[in-house]
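# A look at the structure
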Amino acid sequence: MTDTLMPNGCKTNGPVESGYFKKGCNPFAQTGRSKLQNKRALLNQQIIKQMRIRAGAENLLKATSNNKVREQVMLELSYVNSDLQLLTEQLEGLNSSVEVYQDVQETSSIPLIPLGLKETKDVDFSVALKDYILEHYSEDGSNFQDEIDDLMDLRQACRTPSRNPSGIDLLANYFGQLSFLESRFFSPTRQLGIFFTWYDSFTGVPVCQQNISLEKASMLFNMAALYSQIGTRANRQTQAGLEDAIAAFQKSAGVLHYLKETFTHTPSYDMSPAMLSMLIRLMLAQAQECLFEQITLPGIRNEFFSLLRIAQEAVKVGETYSEVHQSMIQTPIKNNVPFFWTTMSELKTNHYNSLAHYFVSTALLDHQLTPSDDEDKQEKALSQLYDTMPEGRSPLDILKDKEERRRIGKAHLQRSLMGHEEAIRTHSRCRHLQKLDILNDILQAGLKRSLTKFEQNDKEEEFTDYMLAPDIISKTEKKAEMEIPAATKGPLSVFSAKQRWSAPRTIRLRLQDRDLGFTLKGDAPVQIQSLDPLCPAAAEGLKEGDYLVAVGDTECKWLGVSDVMKLLKDVDEEGVNIRVVSMLDSSSQPMPTKSATYGGLPKTYSMICLAHDEDDKKSRKVAKKPSFLSWGLKNKQKSGSTLSLPNADYNGLGNRPCPTYRNSYNESALY
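Residues numbered from 1 in each chain as written. Predicted model: local features only at pLDDT ≥ 70, side-chain atom pairs only at ≥ 80, totals over all residues. Heavy atoms only, no water.

A few words on the packing of helix α4 (residues 145-157) against helix α5 (residues 165-185). Interhelical geometry of α4 versus α5 gives an angle of 135° and a closest axis separation of 9 Å. Comparing their axes, α5 and α4 come out oblique. Handedness of the α4/α5 crossing: left-handed. On α5, the residues touching Leu-151, Leu-154, Arg-155 and Ala-157 of α4 are Leu-170, Asn-173, Tyr-174, Gln-177 and Leu-181. In terms of residue class, the contact of α4 with α5 is built from six nonpolar, two polar and one charged. (Axes fitted to C-alpha atoms, helices over the stretch in contact; angles between N-to-C directions. Helix = DSSP H or I, 4+ residues; strand = E, 2+ residues; numbered from the N terminus. Parallel < 35°, antiparallel > 145°, perpendicular 65-115°, else oblique. Left-handed = near helix turned anticlockwise from the far one by under 90°. Contact = heavy atoms within 4.5 Å. Nonpolar A, V, L, I, M, F, W, Y, C, P; charged D, E, K, R; others polar.)

If you want it as structure tokens, here you go:
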């Protein structure tokens, strides 16, 4: 078994032997990203501690009327609230530390924003699942300790996934197992007593529920976060790296969309519909930015049509970031999203719009209409650039009038300068942005280039022209689209936690006049039908509609009719023992009580979610056997019902894209 912890608690100082950990997981990897995640876990624990103290103080305030005690409690509350504020700021700082997620070779691209993984507490499935197996399925739960250990190992490994396709596979594998667990063990009419605790990715606030949907939703969130980290890590100076980044961000958006549409009542605010909608926009905006970089990576031809096309592509990127920024500044999202994110989206809106105005100005100033040019084609291209032509002039008039072209080109340069200056001011407002030297260099280079172009086309004898350049229409050859994973398959319809079963009954099956006294139907498991009430089997207690689960010593829960008939064909007058189960009526079962939940914000919380984890790791298994937990998987025998992972391709990032532009001045290229 590939444990996720070193045996006997021993530590390793050297490289870990390959294959020891689960594929896609190495909890001892000391990378910048893993260190940040460890800091996040520590901050979450400190936030919980302060919230405990605050809750106790608030309860004491309600319970006492002693003025002196109340004064002391109020003073303590002020300290606690200050500590919580500081911890929240530290957590925001972690969410703003994007530089450790970038590609180490990245030297000329604007950094992208990754999502941080949600943290969780350990969960012990062992006791609850074994009790349920004994009670519901009438089997000895200890026979499946190995499989339960595997499940717990898999969950533990998912807390430290590798930032590559293997890490995605790991999370997808566990998500598929959760769907299987839900159908087998999580009945809508009772609770197992297993509590899942997850921390909000932005605020560190804990959420605790017995509902497995919280576990599934959190795993999807982490899958989307891991995709975003893979996209951020891609080398955006190569076409292959850009493809990887585009595919990763589109898949991140798709997983977030699936999460938003499937789990509509998650109690954690980072998975609320409003927050998920904003995150989807952010992932698609970053994918669109990478697409722009992919177009400009070979260089931009200093040619009229090419410049107008790139200008509209740049406006498209700015437009998507503007939508992201608008969603970030809405209440209550703005109270939970890091200020770094908000300022970065505003900065990129200004930056890419400024680039667009620079490209248009260059097209108008440097490429005058000549007799050899195609007037109709240029007129059409210019008419598609604006909603309304400047000062009502026709496109052809502007193209033929050299002074008018220069005047409009300078107006675009002015807007480019104003946009770059605003982007630099935005950069100076956020201390986390100021740490990104490469970002400052890119912004300063853009401003300097626009200023140089403006000075080259400025005449001293000219009066100041206050013409405002019109907005540029966005247009793109390829729009970023989310890649939505296929929905998981539905729950098993027969042996599931949603059904109630009788204990297995042993029936002695004998032939009477070479007839069994019943027929079989169904694929797997087979069901008794057309039962003769006078046959020996009916006298033994066999009922119409019973499910056949064993013939002699052979389990046949997942055998079809033909396979079961092969087992029964040799029945003689002495007979053979079969085991059957009956489905019971579950309509009278009481509905469960509410699970312990940490509802959204600071003032109330479940004490269960604040419980300490003190369990040690248990010893693990020895030998393999046909597993109860493998009922939902296809085996060598014909399977009548399967439960598989989502059909989305989680095996890799597939066809990925991602963009950048270069900085080369010459006659044929602007970058």
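Below, the discussion takes up a negative patch on the surface. Taken together, Asp-570, Asp-572, Glu-573 and Glu-574 make up a surface patch of like negative charges. Counting through the fold element by element, Glu-573 comes out in the loop between α17 (561-568) and β9 (576-581). Take Glu-573: its relative accessible area is 70%, and that puts it in the exposed class. (Patch = residues over 30% accessible without salt bridge, like charges linked within 9 Å, V, L, I, M, F, W, Y side chains within 5 Å. Areas by Shrake-Rupley, 256 points an atom, 1.4 Å probe, with all protein chains shown as cover. Salt bridge = Lys/Arg side-chain N within 4 Å of Asp/Glu carboxyl O. Lys, Arg positive; Asp, Glu negative; His and termini not counted. Charge placed at Lys NZ, Arg CZ, Asp CG, Glu CD. Buried < 20%, exposed > 50% of the residue type's maximum accessible area, 1.4 Å probe, protein only.)

Time to look at the pattern of salt bridges. Summed over the entire model, instances satisfying the criterion amount to 19 salt bridges. When the shortest N-O distance is used, the salt bridge between Asp-471 and Arg-415 registers 2.8 Å. You can see Asp-471 sitting in the loop between α15 (437-456) and β3 (500-501) and its partner Arg-415 sitting in helix α13 (residues 402-429), a full 56 residues away along the chain. Asp-471 sits in the exposed class, given a relative accessible area of 55%. Of the residues examined, Arg-415 reaches a relative accessible area of 23% and is grouped as partly exposed.

One turn of the α-helix equals 3.6 residues, which is why residues spaced by three or four share an orientation. Taking 1.5 Å per residue, 13 residues should reach 18 Å; α4 reaches 18 Å between its end C-alpha atoms and fits that length. Burial analysis of α4 places 12 of its 13 residues in the buried class, which makes it a mostly covered element. (Expected span 1.5 Å × (residues − 1).)

Any functional reading would require information beyond the geometric quantities listed.
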